[in-house]
There are 2 protein chains.
Amino acid sequence: MNFTLNVLGTASALPIINRFPSAQVLDVRGRLFLIDCGEGTQIRIRAAGLSYLKIEAIFISHIHGDHIFGLFGLLSTMAMLGRSGKLDIYAPRSFAPVLKFFLSYYGEGLNYPIEHHALEMKAPQLLFEDKLIRVSAFPLRHKIDCYGFLFREQQPQLNVKKMEIAARGLSLEEIATAKRGEDIIRGDRVIPNSELTYLPYEPRSYAYCSDTAPFPELSTWVKGVDLLYHEATYTRDMEDKAAERFHSTAAQAALCAKEAGAGQLLLGHYSSKYRDLSVLLEEAKEIFPATCLGKDLDVIDIPLKKLL
Amino acid sequence: MNFTLNVLGTASALPIINRFPSAQVLDVRGRLFLIDCGEGTQIRIRAAGLSYLKIEAIFISHIHGDHIFGLFGLLSTMAMLGRSGKLDIYAPRSFAPVLKFFLSYYGEGLNYPIEHHALEMKAPQLLFEDKLIRVSAFPLRHKIDCYGFLFREQQPQLNVKKMEIAARGLSLEEIATAKRGEDIIRGDRVIPNSELTYLPYEPRSYAYCSDTAPFPELSTWVKGVDLLYHEATYTRDMEDKAAERFHSTAAQAALCAKEAGAGQLLLGHYSSKYRDLSVLLEEAKEIFPATCLGKDLDVIDIPLKKLL
């Protein structure tokens, strides 16, 4: 029942020894979702002890090199390891010629299909959902077409309170009705569902926002998320440079987390000029105390919040 | 006066945690020559403490991903760090569309020219030479067009023996003549140059052979080289698989070194199936004792052999 984020790279454009470029793997109960794929991602995946073959889908925020130059190697490695299942890649429309190049020159031994779901939107959009999860994308504000991603567990099925089953003598049929969220009707009496059931746990959520300049809608689009990853390329004193390059400062990331009412803020995408990251952390914590610094190979678990 | 090989990656197609794909930097007195550029090379260059901006030329053996997927990131990084000098890339003709793709989608901020010298040959060919060095390429036997590289220091200028200057009372003009390698003529008497001069040191050499199946001409093309890098993807018991994939075993690498009369053999490009590399080393040493295992971030210095 885990919901775990693996941070694989926290560098921005210039990687340094212990900071690879952007990549993360969200592990939702053993299903792996790769978000961005900077150079060296396949090596980081191995170092993190994750299985290449369990990667179900890849989400690419934008086609800048530090977010996708690890993709060719990873796709080749998946082929060498015998992947056969379809790989879904959610990426901006601009990714199409990049994939086309790869498939033309390196696609020969590829024994699995790749489907590129081209992203193009002005407001949040559902990408897919299944029993477990619901994934949507939303536009970010960067130099080129760029998208963030929101992963939300689906609402779990309602549990029926054991006490109520006994006290009201619920039949198997009535229990099934209650689990579906419906009221129970006994003749002309209605027992409201809310008296009988409870959510066993609260669905967890994660949002990925990189790369972006701040903009007001963002915090509403990631409202109430448990864990918010927001890029923090610069410190506050570099705000002009950040704006010019469509990036954010740690303070701006923190403000977004605060406005969104996020549970926790995770920083990353640091400029290589910051060897000591504590300045970024302190700046963000002043505004949003529940901030942590992402470091390569960090594992952040969002525990299940049981409701009864 | 150093002549130093920096091993940056020793994996074959599948990288593992401590083995990045193929890349090496030959440092000839501070001038850096990058040979192959597998994924993560820019991170390894930084880890090795080498300067991106001192890389004068790049030599690409062939366009398989494990030899070039680090190139896009490195070329972008060079641009971000402000490179302005021309970058020469010696690579097979098949590299042209790869470079074209890169320049079309990622070439915007590139403020330095790149010249692709297209390799196509059936026998060794000089690529360039200057005062310091002479670099040639030779064909290897791989699935696709693939070339090896030979780096040789130029012959140093002759020194005139101090004893002879004194004993024969050589004039400044005669010393200059002797340094040029010419005999000295005094009337009808000839003093042979060989009696007056000596080479201050022996020019050093390095050959890079990856990827290749063994073939008889190879050892003649790298004859007498001080350090021979030869791929050793498999052990002897995998000879059939090696042949099928146009790779070599450690024994075949050793045989090439022996026939070439190399000073030292360096192995690399190991299949990911070998976690313990000692089997490869032992196999090679039986045939060619002066063998060493290349490991990521190894630094191999070829010391100056002074001749007097």
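Cut-offs applied
Residues numbered from 1 in each chain as written. Chains lettered and ligands numbered in written order. Predicted model: local features only at pLDDT ≥ 70, side-chain atom pairs only at ≥ 80, totals over all residues. Heavy atoms only, no water. Contact = heavy atoms within 4.5 Å. Buried area = accessible area lost by both parts, 1.4 Å probe. Salt bridge = Lys/Arg side-chain N within 4 Å of Asp/Glu carboxyl O. Polar contact = N/O pair within 3.5 Å; in protein donor to acceptor, adjacent residues only side chain to side chain. Helix = DSSP H or I, 4+ residues; strand = E, 2+ residues; numbered from the N terminus. Nonpolar A, V, L, I, M, F, W, Y, C, P; charged D, E, K, R; others polar. Least-squares fit on C-alpha atoms with pLDDT ≥ 70 in both. Disulfide = S-S within 2.5 Å. Buried < 20%, exposed > 50% of the residue type's maximum accessible area, 1.4 Å probe, protein only. pLDDT = per-residue confidence, 0-100. Pairing = 2+ DSSP bridges. Axes fitted to C-alpha atoms, helices over the stretch in contact; angles between N-to-C directions. Phe/Tyr/Trp six-rings, centres within 6.5 Å; stacked < 30°, edge-to-face > 60°. Lys NZ or Arg CZ within 6 Å of the ring centre and 35° of its normal. Core = buried A, V, L, I, M, F, W, Y, C linked by side-chain atoms within 4.5 Å. Left-handed = near helix turned anticlockwise from the far one by under 90°. Arc of directions from axis to C-beta. Parallel < 35°, antiparallel > 145°, perpendicular 65-115°, else oblique.

1. Considering the interface of chain A and chain B
Alright, step 1. Taken together, the contacts link 34 residues of chain A with 34 residues of chain B.
Alright, step 2. Surface buried jointly by chain A and chain B totals about 2800 Å² across both partners, of which 71% is contributed by carbon and sulfur atoms.
Alright, step 3. There are zero salt bridges connecting chain A and chain B.
Alright, step 4. The interface formed by chain A and chain B includes eight residue pairs in polar contact (both at pLDDT 80 or more).
Alright, step 5. It is helix α4 (residues 96-106) of chain A that provides the largest number of residues to the side of chain A that touches chain B, a total of six residues.
Alright, step 6. Per-class residue counts for the side of chain A that touches chain B are 21 nonpolar, 10 polar and three charged.

2. Quick notes on the relation of the copies chain A and chain B
Put simply, the second copy of the chain is the first one after a rotation about an axis and a shift along it.
Alright, step 1. Of the two same-sequence chains, chain A is brought onto chain B (RMSD 0.0 Å, axial shift 0.0 Å) by a rotation of 180°. These values place the two chain copies in the arrangement generated by a two-fold rotation axis. When each C-alpha of chain A is compared by its distance to the rotation axis, Gly40 of chain A comes out closest, at 2.6 Å.
Alright, step 2. Interface residue correspondence from chain A to chain B reaches 100%, placing this contact among same-surface, isologous pairings.

3. Quick look at the state of the cysteines
Alright, step 1. Scanning the model with the defined rule gives zero disulfides over all chains in all.
Alright, step 2. Counting only cysteine sulfurs, Cys146 of chain A is the nearest neighbor of Cys37 of chain A, a cysteine outside any disulfide, at a range of 15 Å.
Alright, step 3. Judged by its relative accessible area of 0%, Cys37 of chain A is buried.
Alright, step 4. Here Cys292 of chain B stays free of any disulfide, with the sulfur of Cys209 of chain B as its closest cysteine sulfur at 14 Å.

4. Brief notes about the confidence of the model for chain A
Alright, step 1. In the predicted model, chain A carries a mean pLDDT of 96, and the fraction of residues at 70 or more is 100%.
Alright, step 2. If you check the scores for this complex, the pTM reads 0.94 and the ipTM reads 0.93.

5. Structural notes on the sheet that holds strand β17 (residues 291-293) of chain A
All names here are of chain A.
Alright, step 1. Spatially, β7-β8-β9-β14-β15-β16-β17 is the arrangement adopted by the seven strands of the open sheet, whose pairing is mixed. Strand pairing shows two members of the sheet lacking a second neighbour, β7 (125-129) and β17, which therefore form its edges. Along the sheet, successive strands turn relative to each other by an average axial angle of 20°, direction set aside.
Alright, step 2. Inspection of the sheet shows β7 paired to strand β8 (residues 133-139) by four bridges, in the antiparallel sense. The residue of β8 that forms the bridge with Phe128 is Val135.
Alright, step 3. In this fold helix α11 (residues 278-287) packs onto β16 (264-268) and β17, with an angle of close to 170° to the strand it touches most, β17.

6. Looking at the pairing of strand β15 (residues 227-231) of chain A
Residue and element names in this part refer to chain A.
Alright, step 1. Counting buried residues along β15, five of its five residues qualify, which places the element largely inside the surrounding structure.
Alright, step 2. Pairing between strand β14 (residues 205-209) and β15: four bridges, direction parallel. Bridging from a neighbouring strand, Cys209 pairs with His230 of β15.
Alright, step 3. Here β15 runs beside β16; their pairing, made up of five bridges, is parallel. Looking at the pairing, Leu228 lines up with Leu265 of β16.

7. A short note on the packing of aromatic side chains
Aromatic ring pairs are reported here in terms of the distance separating the ring centres and the angle at which the planes meet.
Residue and element names in this part refer to chain A.
Alright, step 1. Summed over all chains, the structure comprises 43 aromatic pairs over all chains.
Alright, step 2. Pairing Phe151 with Tyr206 gives two aromatic rings, centres 6.4 Å apart and planes at 25°, and the pair type is stacked. Taken as a pair, Phe151 in strand β9 (residues 147-153) and Tyr206 in strand β14 lie far apart in primary sequence, 55 residues in all.
Alright, step 3. The class of Tyr206 is buried, set by a relative accessible area of 0%.
Alright, step 4. Above the plane of the ring of Tyr112 lies Arg83, whose end atom (NZ or CZ) is 5.6 Å from the centre.

8. Some points on the nonpolar core
Alright, step 1. Counting 66 residues, the largest nonpolar core has Ile58, Leu75 and Ile89 of chain A together with Ile58, Leu75 and Ile89 of chain B as the members making the most contacts within it.
Alright, step 2. For Ile58 of chain B, the residues in contact, after removing those within four places along its chain, are Leu34, Leu71, Leu74, Leu75, Leu87, Asp88, Ile89 and Tyr90 of chain B.

9. A closer look at the sheet that holds strand β6 (residues 114-119) of chain A
Residues and elements named next belong to chain A.
Alright, step 1. Taken in spatial order, the seven strands line up as β6-β5-β4-β3-β2-β1-β18 in an open sheet, and their pairing is mixed. Whereas interior strands pair on both sides, the edge strands pair on one side only; in this sheet they are β6 and β18 (299-301). Neighbour-to-neighbour, the strand axes of the sheet open up by a mean angle of 20°, direction not taken into account.
Alright, step 2. Pairing geometry for strand β5 (residues 87-92) and β6, over six bridges, is parallel. The residue bridging Ile89 from the neighbouring strand is His116, located in β6.
Alright, step 3. Helix-sheet contacts for helix α3 (residues 71-80) involve β3 (31-37), β4 (55-59), β5 and β6, and the interaxial angle to β4 is about 160°.

10. Side note on the packing of helix α10 (residues 250-260) of chain A against α11 of chain A
Residues and elements named next belong to chain A.
Alright, step 1. Axis separation between α10 and α11 bottoms out at 8 Å; the angle between their running directions is 30°. Seen along the crossing, α10 lies across α11 with a hand that is right-handed. Side by side, α10 and α11 meet where Ala250, Ala251, Ala254, Leu255 and Lys258 of the first sit next to Leu280, Glu283, Ala284 and Ile287 of the second.
Alright, step 2. When its residues are assigned to classes, the contact of α10 with α11 shows seven nonpolar, no polar and two charged.

11. Re helix α4 (residues 96-106) of chain B
Alright, step 1. Buried residues of α4 of chain B: Val98, Leu99, Phe101, Phe102 and Tyr106 of chain B, and no others. For α4 of chain B, the angular spread of the buried residues around the axis is 155°, confining them to a single face. With respect to the buried face of α4 of chain B, the exposed residues turned more than 90 degrees away are Lys100 and Ser104 of chain B.
Alright, step 2. At its buried positions, α4 of chain B is contacted by α2 (65-68), α3 and α4 of chain A together with α2 (65-68), α3 (71-80) and β6 (114-119) of chain B.

12. Considering the environment of Ser94 of chain B
Alright, step 1. Topologically, Ser94 of chain B is positioned in the loop between β5 (87-92) and α4.
Alright, step 2. For the pair Ser94 of chain B and Ile185 of chain B, spaced 91 residues apart in the sequence, the C-alpha separation amounts to 55 Å.

13. Notes on the packing of α3 of chain A against α4 of chain A
Residues and elements named next belong to chain A.
Alright, step 1. Relative orientation of the contacting elements α3 and α4 amounts to 45°, with a least axis distance of 11 Å. Between α3 and α4, the crossing angle belongs to the class labelled oblique. Judged by the sense of rotation from one axis to the other, the crossing of α3 with α4 is right-handed. Residues Phe72, Leu75 and Ser76 of α3 lie in contact with α4, whose contacting residues are Val98, Phe101 and Phe102.
Alright, step 2. Taken together, the residues of the contact of α3 with α4 sort by class into five nonpolar, one polar and no charged.

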